[in-house]
Amino acid sequence: MPDIKQPLPRRDALVAGATGLVGRELLRLLVASPNYERIHVLLRRPAKGLPTDARVVPHFVEYAKLTPMPPVDDVFIALGTTIGVAGSKDAFRKVDFDAVLNTAKACLVRGAKRLVVVSALGANAKSLVFYNRVKGQMEEAVSRLAYESITIVQPSLLMGDRAALGQPTRAGETWTARLLKPVMPLVPRAVRPIEATLVARAMLDAALKGATGARTLKSAVMQA
């Protein structure tokens, strides 16, 4: 008899950064997925437009002093800002390094097995560029955590409607998208701007596969 593929056991997930471009798309995919029983969402303040689904459970938190997290299987972290939006290098690091690492650690001690984190193209702990250096240091820190599976996604410039989410627009994203639009198919996938939806899909797929160990997903792979 042919093998019958068994459905995956239903899981619980946690999302940090669900109000951003990638996080909002990821939350939509999680709600649509039959693989998740409950989806916990970390928020710093009430947010409009979140799915009105009984499986979505909001938690209002301060990332600097997280209370015990709910026990979950899969952790998705899509936290991120810019120095301009944050207001200073120190404030930027508190989001893109401290908040990410604090969340990952808090979920691990509660039994989480799989971690998927959004980083950025060019992340390098030894970079002379502050933004890239912080992202690289974050990657190194989370990669040392004792999760069964860790996936770090490195998107290039993100494309999506930040204004529709009530977020400040980012001039670099806006102008780059406009300038490259006529020649987008000619731009190498490694550096081509990427739709937030593609990043979210790659994150969900990585968690469901749950390959053992740590790996990095490059922007080109997510657009293949």
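On a predicted model such as this, the values are computed, not experimentally measured, just so you know.

1. A short note on the packing of aromatic side chains
- A full pass over the atoms with the stated rule returns three aromatic pairs.
- Ring plane angle 55° and centroid distance 5.9 Å describe the contact between Phe92 and Phe130, whose orientation is recorded as tilted. Of this pair, Phe92 sits in helix H3 (residues 89-108) while Phe130 sits in helix H4 (residues 130-143), and the two are 38 residues apart along the sequence. Residues Phe92 and Phe130 agree in their burial class; the two are buried.
- Three or more aromatic residues link up through ring pairs in this structure, and these residues are Phe92, Phe130 and Tyr131.
- Here the guanidinium or amino end of Arg93 rests over the ring plane of Phe97, the centre of that ring lying 4.3 Å away.

2. Remarks on the side chain of His40
- You can see His40 is positioned in strand S2 (residues 36-43).
- In terms of polar contacts, His40 uses its side chain to reach the side chain of His59, at 2.8 Å.
- Look past the residues within four positions of His40 in its chain and what remains in contact with it is Ala13, Leu14, Val15, Val57, His59, Pro70 and Val72.

3. Side note on the nonpolar core
- In this structure, Tyr36, Phe76 and Met203 are the most contacted members of the largest nonpolar core, which totals 33 residues.
- Elements with a contribution of two residues or more to this core: strand S1 (11-16), helix H1 (21-32), S2, strand S5 (114-118) and helix H6 (196-209).
- The element best represented in this core is H6, accounting for eight residues.
- Among all residues touching Tyr36, those that are not within four sequence positions of it are Arg10, Arg11, Asp12, Ala13, Leu30, Arg55, Asp74, Phe76, Leu204, Ala207 and Leu208.

What counts and how
Residues numbered from 1 in each chain as written. Predicted model: local features only at pLDDT ≥ 70, side-chain atom pairs only at ≥ 80, totals over all residues. Heavy atoms only, no water. Phe/Tyr/Trp six-rings, centres within 6.5 Å; stacked < 30°, edge-to-face > 60°. Helix = DSSP H or I, 4+ residues; strand = E, 2+ residues; numbered from the N terminus. Buried < 20%, exposed > 50% of the residue type's maximum accessible area, 1.4 Å probe, protein only. Lys NZ or Arg CZ within 6 Å of the ring centre and 35° of its normal. Polar contact = N/O pair within 3.5 Å; in protein donor to acceptor, adjacent residues only side chain to side chain. Contact = heavy atoms within 4.5 Å. Core = buried A, V, L, I, M, F, W, Y, C linked by side-chain atoms within 4.5 Å.

Geometric descriptors of this kind do not, in isolation, establish any biological role.
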